[in-house]
Amino acid sequence: MKPRRYHGLKRPKLRQSWNKYNLYNIARMLNPKIGASDFETFFQQKWRAKGMLRNYHGEHVVERKWVRMFDRRLLGVADMNTKYMAAHDGSELAAGRGSGKDVPPNWSDDIVPKKTLTPYMQMTFAPMERRLDIAVFRAMFASSTRQARQFCVHGAVKVNGKVMPYPAYRLNPGDMFQVDPERVLFATGAPKPDVNKIKPSKMKKRKSSAGEGEKENAEVEEEAEAEASAEEETTEVKEAEAAEQDPDTTDAPEPVKADMKPTRKQIQELAEQAKTILLEEELAVNQKRKLRGFLKQMKPLLSRAGRPDASPSEIADELSSLVSGLSLADTPTPAPASDGAAATKQEADPFADLSKQELEKLGRHMVEYIRDQEENPYDPSKPYKTPWQPRPYMAPFAFIPKYLEVNPNVCAAVYLRHPVARLGSAEVPTPFPREINQLAFNWYLRRR
C-alpha cells in the first residue's frame, strides 16, 4: 500500500512545519464554511472541525493522549486599563443595562466599528503548547514538530540542565529548555547541496545553460574522480600483492610507505570547495578560468598522491604553492601595446586608479568580509550549508509566542507561563478561524 503524502496538494492538510508545500497550502486555504448549509448535522460539523484542527495541532500525538490533556478551562486575561480605573469607581458597571449610560453604536453610519471580543475559543489546544517538542518548535529551534520530537528522543534537548528524552514532557512555568546548537543550525539552515543526488539530465541542462566554461569544469571533475578511483584501485591491488609476497624470496626489505590518506583528503576537500564556488558563486570569466586551471592542476597532484612512492613533503609543498598562487581577485583587462608602461604599473598595483575614498570603502568591505568569514566560515564537514544561511521559506514562520523567552545565542528558552487569551488576540498560534475552534471545543467538551 502506497503511503499518503505528508504534504499533499490535492487534499491539503495544514501541518506544524516550515515546508514550502505546507506554506503553499496555508496561503491558498479558504474558509471551510462548516455549518453554512442545512445538510450537515451538528455532530458532522464538530467532527469535520475536530479533524481539521487535529491535523495541525499535534498530529503526531495519539488521540487518547490528547483527550487526557484536554482542559475545559480557558485561561484569559482581563483588560485592566489603569487610566479608566483611576477615572471611574466601578459604579457605572453596576448600573446595569438600559440605564442610559452605555452609548449604543450609530447604525446609520457607513462603517460601524465591531466590538472587540476576547477569542477564548482559540485556546482550545492550549494544553498542547506545554509539550516539550511543540515548545521547541515554537521557539524556532526545529523546522517541524516531528523534527523537534526527534531531537528530544536523540537526547539533544535539556530541561533545567538535564537531558529530557521524552517529547511528551509537559513544561511548567519557569522551566528552561536548551537544544544542541549544531542541531538548531542544521534544522534552521539551508540544506547542503549534494552534487551526487542531482540527476544527470538536470546536470546537463545546468551545464548547457551556464556556458562552455562550466562544461569544461564538469569534464575535469569527472576525469579527476575517475582517475582518483582508478588510483585507489591500483594502490589496493599493489598492497594486496605486497601482502602475498614471500619474505624469503625478497632481496631487500621494502621501505615503509607513508600514510597519504590525510594529504589526499585535504586535496579532495580543496577540490570540492572549488567546485562549490564554481556552481554557487557569481564569478567573472577570468575568475572561472583560474578556478578551472586550479582544478586541472589538482588532477595530476591527486593521482601522484595515490602512488606508493609518493613523498608527503613534496606533495604538501606543491599543494601550498598551488593554493598560494590561486587568487580570485578581479584583475583588470590588459592595456594596448602603446601604453606598455601604464599596463605594467597597473599590473603591479591594481588599486592605483582608485581614489582615497574608494580605497577606504574597499578596506571597510574587506574588514567586514574577513570578520564574516571568521564568524561564519566554510566548513565542508558540517551537515548543513556553510557559510550558514537561513533555510528558504522560513520568514512566514519566524515568530515566537509571548509565553516563551528565547535566547538564540545559546539556543535556550524559558517557558514563562501558560498561554492566555487577551482582548482581541489569543496566544495559541493557529491558522483556523474562531468558529472552527469553537466546534472542536464543543466536540471535546461532551461527556464520555
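Everything below is about the structure shown above.
Residues numbered from 1 in each chain as written. Predicted model: local features only at pLDDT ≥ 70, side-chain atom pairs only at ≥ 80, totals over all residues. Heavy atoms only, no water.

The next point concerns the pairing of strand β5 (residues 412–415). The side chains of a regular strand alternate, residue by residue, between the two faces of the sheet. Bridging between strand β3 (residues 175–179) and β5 involves four bridges; their strand directions are antiparallel. When the sheet's bridge partners are listed, Asp175 is paired in β5 with Tyr415. As defined by bridge partners, strand β4 (residues 404–407) adjoins β5 across four bridges and the pair is classed as antiparallel. By the bridge assignment, Asn407 is partnered in β5 with Ala412. As consecutive antiparallel partners, β4 and β5 are separated by four residues, and within that stretch Cys411 has a phi angle of approximately 55 degrees, a positive value. (Pairing = 2+ DSSP bridges. Helix = DSSP H or I, 4+ residues; strand = E, 2+ residues; numbered from the N terminus.)

A few words on the pattern of salt bridges. Any two side chains of opposite charge can pair, given that their charged atoms come close. One pass over the full model with this rule turns up 11 salt bridges. Between Glu63 and Arg54 there is a salt bridge, with its nearest N and O atoms 2.8 Å apart. Assessed through its relative accessible area of 8%, Arg54 is described here as buried. With its nearest N and O atoms 3.0 Å apart, the salt bridge here joins Glu59 to Arg146. Here Glu59 is found in the loop between α2 (42–56) and α3 (63–69), whereas its partner Arg146 is found in helix α7 (residues 145–153), with 87 residues between them in sequence. Given the relative accessible area of 19%, Glu59 is considered buried. For Arg146, a relative accessible area of 42% translates into the label partly exposed. One network of salt bridges, with partners in common, ties together Arg15, Glu59 and Arg146. (Salt bridge = Lys/Arg side-chain N within 4 Å of Asp/Glu carboxyl O. Buried < 20%, exposed > 50% of the residue type's maximum accessible area, 1.4 Å probe, protein only.)

A cluster of acidic side chains, namely Glu368, Asp372, Glu374 and Glu375, defines a negative patch on the protein surface. For Asp372, the position within the fold is in helix α15 (residues 356–375). By relative accessible area, Asp372 is classed as partly exposed at 45%. (Patch = residues over 30% accessible without salt bridge, like charges linked within 9 Å, V, L, I, M, F, W, Y side chains within 5 Å. Areas by Shrake-Rupley, 256 points an atom, 1.4 Å probe, with all protein chains shown as cover. Lys, Arg positive; Asp, Glu negative; His and termini not counted. Charge placed at Lys NZ, Arg CZ, Asp CG, Glu CD.)

Turning to unusual backbone geometry, a few remarks are in order. Cis geometry is found at the peptide bond from Thr386 to Pro387, where omega equals -5 degrees. Summarising the element assignment, Pro387 is placed in the loop between α15 and β4. In this structure, Met140 is a non-glycine residue whose phi angle is positive, near 65 degrees. By the element assignment, Met140 lies in the loop between α6 (132–138) and α7. Here Asn160, not a glycine, exhibits a phi torsion of approximately 55 degrees, which is positive. Secondary-structure assignment places Asn160 in the loop between β1 (157–159) and β2 (162–163). Under the relative-accessibility criterion, Asn160 is labelled partly exposed at 45%.

Here we take up the side chain of Arg138. Within the secondary structure, Arg138 sits in helix α6. Given a relative accessible area of 3%, Arg138 falls into the buried group. For Arg138, the side chain forms a polar contact with the side chain of Glu129, separated by 3.0 Å. In this structure Arg138 touches Gln16, Tyr56, Glu129, Phe399, Ile400, Pro401, Tyr403, Leu404 and Pro429, once residues within four positions along its chain are discounted. (Polar contact = N/O pair within 3.5 Å; in protein donor to acceptor, adjacent residues only side chain to side chain. Contact = heavy atoms within 4.5 Å.)

Bringing the packing of aromatic side chains into the picture now. All told, the structure shown has 13 aromatic pairs when counted by the stated rule. Measuring from centroid to centroid gives 5.4 Å for Trp47 and Trp443, while their planes differ by 75 degrees, and the two rings are edge-to-face. With a gap of 396 residues between them, Trp47 in helix α2 and Trp443 in helix α16 (residues 434–445) connect regions that are remote in the sequence. Residue class for Trp443 comes out buried when judged on its relative accessible area of 5%. Here Phe70 and Phe441 contribute two aromatic rings whose centre-to-centre distance is 5.7 Å and whose plane-to-plane angle is 55 degrees, an arrangement assigned as tilted. Taken as a pair, Phe70 in the loop between α3 and α4 (82–87) and Phe441 in helix α16 lie far apart in primary sequence, 371 residues in all. One exposure class covers both Phe70 and Phe441, and it is buried. An aromatic cluster is present here, built from Trp66, Phe70, Phe125, Phe441 and Tyr444 joined pairwise through their rings. We note Arg15 situated over the ring of Tyr6; from NZ or CZ to the ring centre the distance is 4.6 Å. Sitting above the plane of the Trp47 ring, Lys50 keeps its charged end 4.1 Å from the centroid. (Phe/Tyr/Trp six-rings, centres within 6.5 Å; stacked < 30°, edge-to-face > 60°. Lys NZ or Arg CZ within 6 Å of the ring centre and 35° of its normal.)

Here we take up a nonpolar patch on the surface. A surface patch of nonpolar side chains, about 370 Å² in accessible area, is lined by Leu362, Met366, Tyr369 and Ile370. Considering the arrangement of structural elements, one finds Ile370 in helix α15. With a relative accessible area of 43%, Ile370 lands in the partly exposed category.

Right, let's get into the sheet that holds β4. Strand order in the open sheet formed by five strands is β2-β1-β3-β5-β4, with antiparallel pairing between adjacent strands. The two strands at the open ends of the sheet, each matched to only one other strand, are β2 and β4.

What follows covers the environment of Ser303. When you line up the elements, Ser303 lands in helix α12 (residues 285–305). C-alpha of Ser303 to C-alpha of Arg264: the two residues are 39 residues apart in sequence and 9.0 Å apart in space.

In short, geometric facts, not functional conclusions.
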